Amino acid sequence: MLLVTWDSVLVTVSLIVAFIAAFTALDTAGRVAVSRGCLAKMWLVGGGTAMGIGIWAMHFIGMLAMMMPMTMRYDITLTAVSLLVAILSAIFAFAQGVQGSHLTPRRLVRAP
C-alpha cells in the first residue's frame, strides 16, 4: 500500500481558490440574469470560464498537495483538455441555471 501525505498549505490554497472562483462566478451569473442579448452571453461565458478555471485549479492544486513516494508527471495535453472540459461544463451549467425555468430532461438534452 502506498503511503500518501498531504501538504496542508496547498490544501488550504486549494480551498481559497475554490471560494474565490465560486464568488466570482456566482456574482457574474447574477449579471447574466439581468442582462440581455450579446452582453448576457459575454457575462455567461465569462462567469462559466471563471468557474471552470476555479474548479480545475482547485482540483489541480489538490493533486499537487498529494505527496506520494513515487515520481508524478502530468501530461500537458490531458491537463489542457481537462481545463477545457471544466470551462465548457461550467458554461453549460450556468446557461441552464440562469434561464429561470426548471431543468427538464428535454432542456438538458437540447441545451442553449
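Description of the structure in this document. As the structure is a prediction and not an experimental result, all values here were calculated from the model.

Attention now moves to the overall build of the protein. Regarding its fold elements, the protein presents four helices and two strands. Each helix and strand of the protein, placed in order from N terminus to C terminus, yields the pattern β-α-α-β-α-α. For the protein, the proportion of its 112 residues judged to be buried stands at 25%. Within the protein, contacts between residues at least 6 apart in sequence are counted, and of these 72% link residues at least 24 apart. Carbon together with sulfur atoms contributes 74% to the accessible area of the protein, which is approximately 7800 Å² in total.

A few words now on the packing of helix α2 (residues 37-65) against helix α3 (residues 76-97). When two helices pack together, their arrangement is given by the angle between the helix axes and by the axis-to-axis distance. Running from amino to carboxyl end, α2 crosses α3 at an angle of 135°, the nearest separation of the two axes being 7 Å. As the angle between them shows, α2 and α3 are arranged oblique. Classified by chirality, the crossing of α3 by α2 is right-handed. On the side of α2, the interface is formed by Leu44, Val45, Gly47, Gly48, Thr49, Met51, Gly52, Ile53, Trp56 and Phe60, while α3 contributes Thr79, Ser82, Leu83, Ala86, Ile87, Ala90, Ile91, Phe94 and Ala95. A class-by-class count of the residues in the contact of α2 with α3 yields 13 nonpolar, six polar and no charged.

In an α-helix, one turn spans 3.6 residues; hence positions three or four apart end up facing the same way. The end-to-end C-alpha separation of α2 is 42 Å, in line with the 42 Å expected for 29 residues at 1.5 Å each. When we look at burial in α2, the residues that qualify are Ala40, Leu44, Gly47, Gly48, Gly52, Gly54, Ala57, Ile61, Gly62 and Ala65. Contacts from the buried residues of α2 go to β1 (5-6), α1 (8-34), β2 (66-67) and α3.

What follows covers the side chain of threonine 79. Tracing the sequence through the fold places threonine 79 in helix α3. From its side chain, threonine 79 meets the backbone oxygen of aspartate 75 in a polar contact 2.7 Å long. Excluding residues that lie within four positions of it along the chain, threonine 79 makes contacts with Trp56, Phe60 and Tyr74.

Positionally, valine 17 belongs in helix α1. Relative accessible area serves as the criterion here: at 23%, valine 17 is assigned to the partly exposed category. Counting along the chain gives 39 residues from valine 17 to tryptophan 56, while the straight-line C-alpha distance between them is 9.9 Å. Beyond its immediate sequence surroundings of up to four residues, valine 17 is in contact with Gly54, Ala57, Met58 and Ile61.

Quick notes on the rules
Residues numbered from 1 in each chain as written. Predicted model: local features only at pLDDT ≥ 70, side-chain atom pairs only at ≥ 80, totals over all residues. Heavy atoms only, no water. Helix = DSSP H or I, 4+ residues; strand = E, 2+ residues; numbered from the N terminus. Buried < 20%, exposed > 50% of the residue type's maximum accessible area, 1.4 Å probe, protein only. Contact = heavy atoms within 4.5 Å. Areas by Shrake-Rupley, 256 points an atom, 1.4 Å probe, with all protein chains shown as cover. Axes fitted to C-alpha atoms, helices over the stretch in contact; angles between N-to-C directions. Parallel < 35°, antiparallel > 145°, perpendicular 65-115°, else oblique. Left-handed = near helix turned anticlockwise from the far one by under 90°. Nonpolar A, V, L, I, M, F, W, Y, C, P; charged D, E, K, R; others polar. Expected span 1.5 Å × (residues − 1). Polar contact = N/O pair within 3.5 Å; in protein donor to acceptor, adjacent residues only side chain to side chain.

Without other data, these values stay purely geometric and don't point to any function.
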